[in-house]
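One letter stands for each residue in the lines below.
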Number of protein chains: 2
Amino acid sequence: MYRINFNEFFTSAFSVDCMLFGYSQGQIKALLIKRAMEPYNNFWAIPGDLVYPDEDLDEAANRILKDLTGLSDVGLHQAQSFGHPKRHPQGRVVTVSYFAMVRIEDFNAKASSWADEISWVPIHNIPVLAFDHNLIMSTTIELLKQKLRVEPICFDMLPDRFTLNEFQQLYEYAYNQPLDKANFRKKIKHVPLLAHDEKQKMVKHRPAKLFSFAKEEYKTKVETSDYQFKM
Amino acid sequence: MYRINFNEFFTSAFSVDCMLFGYSQGQIKALLIKRAMEPYNNFWAIPGDLVYPDEDLDEAANRILKDLTGLSDVGLHQAQSFGHPKRHPQGRVVTVSYFAMVRIEDFNAKASSWADEISWVPIHNIPVLAFDHNLIMSTTIELLKQKLRVEPICFDMLPDRFTLNEFQQLYEYAYNQPLDKANFRKKIKHVPLLAHDEKQKMVKHRPAKLFSFAKEEYKTKVETSDYQFKM
DNA sequence: TTAAATAATTGTCGAAAATACAATAATTAA
DNA sequence: TTAATTATTGTATTTTCGACAATTATTTAA
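Turning our attention to the domain arrangement of chain A. Residue and element names in this part refer to chain A. Once the domains are mapped, chain A shows domain 1 (6-153) and domain 2 (160-224). For domain 1 and domain 2, the distance between their C-alpha centroids amounts to 29 Å. Domain 1 puts 12 residues into the contact, and the matching count from domain 2 is 11 residues. Interface area, domain 1 with domain 2, both sides summed: about 1100 Å², of which 62% is carbon and sulfur. Here domain 1 and domain 2 share 0 salt bridges between them. The interface formed by domain 1 and domain 2 contains 4 residue pairs in polar contact (both at pLDDT 80 or more). Elements represented by at least two residues in the side of domain 1 that touches domain 2 include exactly β2 (27-34) and α2 (133-150). A total of 3 residues in the side of domain 1 that touches domain 2 trace back to one element, the largest contributor, which is α2. A breakdown of the residues in the side of domain 1 that touches domain 2 according to their chemical character gives 6 nonpolar, 3 polar and 3 charged.

Packed helix pairs are characterised by how far apart their axes lie and by the angle those axes make with each other. Residues and elements named next belong to chain A. Between α2 and helix α3 (residues 164-175), the least distance of the axes is 10 Å, while the angle of their chain directions is 140 degrees. On the basis of the axis angle, α2 is oblique to α3. Regarding α2 and α3, the two cross each other, and that crossing is left-handed. Contact with α2, carried on its side by K145, L148 and R149, involves L170, Y171, A174 and Y175 of α3 and no other residues of that element. Considered class by class, the residues forming the contact of α2 with α3 number 5 nonpolar, no polar and 2 charged.

With that settled, consider the pattern of salt bridges. Residues and elements named next belong to chain B. The tally for this structure, following the rule as stated, stands at 13 salt bridges over all chains. A salt bridge links R63 to E55; the shortest N-O distance between them is 2.7 Å. Neither R63 nor E55 differs from the other in exposure class; each is buried. The salt bridge involving R87 is made with D132; its shortest N-O contact spans 2.8 Å. In this pair, R87 is assigned in the loop between β5 (76-82) and β6 (93-101) and D132 in the loop between β7 (117-122) and α2 (133-150), connecting sequence segments 45 residues apart. Like D132, R87 is buried.

The subject of this paragraph is the nonpolar core. Inside soluble globular proteins, nonpolar side chains tend to come together where they are buried. Counting 46 residues, the largest nonpolar core has V16, L20 and L57 of chain A together with V16, L20 and L57 of chain B as the members making the most contacts within it. Secondary structure elements with two or more residues in this core: β1 (13-24), β2, α1 (57-69) and β6 (93-101) of chain A together with β1 (13-24), β2 (27-34), α1 (57-69) and β6 of chain B. If we skip the residues at most four places from it in the chain, V16 of chain B touches P47, G48, D49, V51, L57, A60, A61, I64, T95, V96 and Y98 of chain B.

Relative to the helices and strands, H133 of chain B resides in helix α2. Excluding its chain neighbours within four sequence positions, the residues that come into contact with H133 of chain B are D17, A45, I46 and R87 of chain B.

What follows deals with the protein's contact with DNA strand C. Residues in contact with DNA strand C amount to 20 residues; listed here are only the nearest, N165, K181, R185 and K186 of chain A together with K199 of chain B. Side-chain polar atom of N165 of chain A to a phosphate oxygen of DNA strand C: 2.9 Å apart, as the coordinates give it. For the surface near DNA strand C, the secondary structure elements donating two or more residues are α4 (181-187) of chain A together with α4 (181-187) of chain B. Among the elements that line the surface near DNA strand C, the one with the most residues is α4 of chain A, at 4 residues. The residue makeup of the surface near DNA strand C, split by class, is 5 nonpolar, 5 polar and 10 charged.

About the cut-offs
Residues numbered from 1 in each chain as written. Chains lettered and ligands numbered in written order. Predicted model: local features only at pLDDT ≥ 70, side-chain atom pairs only at ≥ 80, totals over all residues. Heavy atoms only, no water. Domains from an automatic or database assignment. Contact = heavy atoms within 4.5 Å. Buried area = accessible area lost by both parts, 1.4 Å probe. Salt bridge = Lys/Arg side-chain N within 4 Å of Asp/Glu carboxyl O. Polar contact = N/O pair within 3.5 Å; in protein donor to acceptor, adjacent residues only side chain to side chain. Helix = DSSP H or I, 4+ residues; strand = E, 2+ residues; numbered from the N terminus. Nonpolar A, V, L, I, M, F, W, Y, C, P; charged D, E, K, R; others polar. Axes fitted to C-alpha atoms, helices over the stretch in contact; angles between N-to-C directions. Parallel < 35°, antiparallel > 145°, perpendicular 65-115°, else oblique. Left-handed = near helix turned anticlockwise from the far one by under 90°. Buried < 20%, exposed > 50% of the residue type's maximum accessible area, 1.4 Å probe, protein only. Core = buried A, V, L, I, M, F, W, Y, C linked by side-chain atoms within 4.5 Å. Near = heavy atom within 4 Å.

Shown next as C-alpha cells:
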C-alpha cells in the first residue's frame with residue numbers, strides 16, 4: 001500500500017458532527033442549529049466543526065460540545081463516518097458523527113458563535129437539513145435506539161430524579177409503542193435504582209415516588225455478575 | 001463554524017482498514033498481512049489503504065477487499081474511526097475500519113501486491129501489530145461479537161452447508177463458553193434453516209445432517225413479522 | 001368532610017422461553 | 001457383532017413475558 005505519490009493524498013479535511021439528544025415533554029429531541037453562513041445558509045444542521053490538525057477526534061467532539069453547551073464530562077459516543085466525495089461543496093470533508101445525551105433543562109445552549117438560532121426537535125420530526133445531515137441524523141438515531149436497549153444511557157437524558165412513568169414514557173417514545181405499566185416495572189426490577197423519600201410535587205393527582213439511577217451500583221453489578229442492562 | 005482559513009485544514013489523508021474474519025478449525029480468525037515496507041516493516045498489520053480523493057469510504061473498502069481477495073459482493077460493515085494525531089508517522093491519517101466475513105476455504109488471498117505473507121490468526125491470539133492496529137483490532141472484535149448476537153452474520157463465515165455442531169461451536173468460541181447442545185437446538189428453532197438430505201462424509205462416527213441458512217426466508221420473516229435474530 | 005377522579009402500585013395467571021439433565025438412535029471401526 | 005462416538009430428541013423445573021385485574025394513595029371539587 002501507499003504505492004502512489006504520498007503527498008497527493010494529503011488534501012482532505014475532516015470534521016466532527018456532534019449530535020445532542022435530550023428528553024422533554026415525553027419526547028426525545030435532537031439539538032439543531034440554524035446555519036448563519038454559506039453554504040446552506042439558513043438551513044437547519046447538526047452542530048459540527050472541522051478537526052484541528054493536531055487534535056484527536058474525541059477531543060474535537062468534546063471541544064464542540066463544550067463550545068456549544070458549556071458542558072464537559074459528558075459521555076460521548078462515536079457513531080459513524082460519512083465520506084461521500086461530494087458531500088461538502090467546498091472540498092473533500094469526511095465527517096465523523098458523535099452523539100451525547102444531556103438534560104435539556106440543565107443548560108442553555110449558546111447559539112452565539114454557531115448560529116442565529118438553535119432548537120430542540122423531536123427525533124420523529126426532523127426537518128430537511130444541510131449537507132447530508134439527514135442521512136447522518138437518521139443513521140445516528142437508529143444507533144441511539146439500539147443503544148437504549150442495551151446500555152443505561154437513558155438516565156443521561158432523564159432528570160436526576162425521575163418517576164417510573166417518565167422512565168417508561170421515554171421508552172414508549174423511542175420504540176413508538178405503548179408499554180404495559182405493570183410489566184415495565186417488573187422488567188426494571190434488576191436495574192439498580194435508588195428510591196427517594198421525596199415525591200412529585202405540584203401535580204393534581206397522587207404524586208409518584210422519585211428515583212435516581214445508582215450508577216456506581218450498576219458498575220459493580222456489571223463487573224461482578226454477568227448482569228446486562230436490557231430493555 | 002469554518003471561521004479559520006479554510007485551506008489549512010485540507011492537509012490530511014484518510015485510510016480504510018479492512019478486517020476479514022473467517023471460521024476454521026473451531027476458531028474465528030482474522031486475516032493479517034506482514035508489511036513489506038516502512039514504516040513498521042515486517043510487522044503484522046490489518047490490510048488497509050489510503051482512500052482516493054474522489055472515492056467514497058465504502059467504495060474504498062470494497063476496492064481493498066477486491067484487491068486482496070478477489071471477492072466482491074461481500075457484506076461490509078463499518079466499525080469505527082481512529083484519528084489520533086500521531087497514529088501515523090508520516091502525516092495525519094484518519095482511518096475508518098471496516099470488517100467483513102468470508103469463508104476461509106473459498107478463496108486464496110493474494111498477498112502479492114500487499115505483503116510478503118498473510119495469515120489467518122485466531123481472534124483470541126492477536127500478536128503485536130503495526131501502528132495502532134491492536135486498538136483497532138480489539139475494538140472491532142468486540143463489535144463483531146456484539147453483531148453476532150443480533151445479526152445472522154455467522155453464516156457468512158460458515159461453509160455453505162454446515163452441521164448444527166459447527167454452528168454451535170462458532171458461538172462457543174465467540175462467547176468463550178460451552179453451550180448445552182440440546183438447548184442450543186431449541187434456541188435456533190426460529191432461525192430459518194434449510195435442512196438437506198445430504199450428510200457429513202468421511203467422519204468416523206454418525207454423520208450429522210447438513211443445513212444452510214435460508215437467507216430469503218429470513219428477510220421476509222424480518223419484514224413481515226417482528227422476528228429478531230438473537231443468540 | 002366527603003365523594004369522585006386520577007394515577008401509583010401490586011397481584012394473578014397462563015404462555016413462552018431458558019436451563020439442567022437424561023434417554024435414545026444412527027453410524028463407524030474393530 | 002459389539003464398543004465407541006456422536007447426533008438427535010425428550011422431560012421436568014425454573015424463569016421470564018404479556019395481558020389484565022385489583023388495590024391503594026392522593027388531589028380536587030362539591
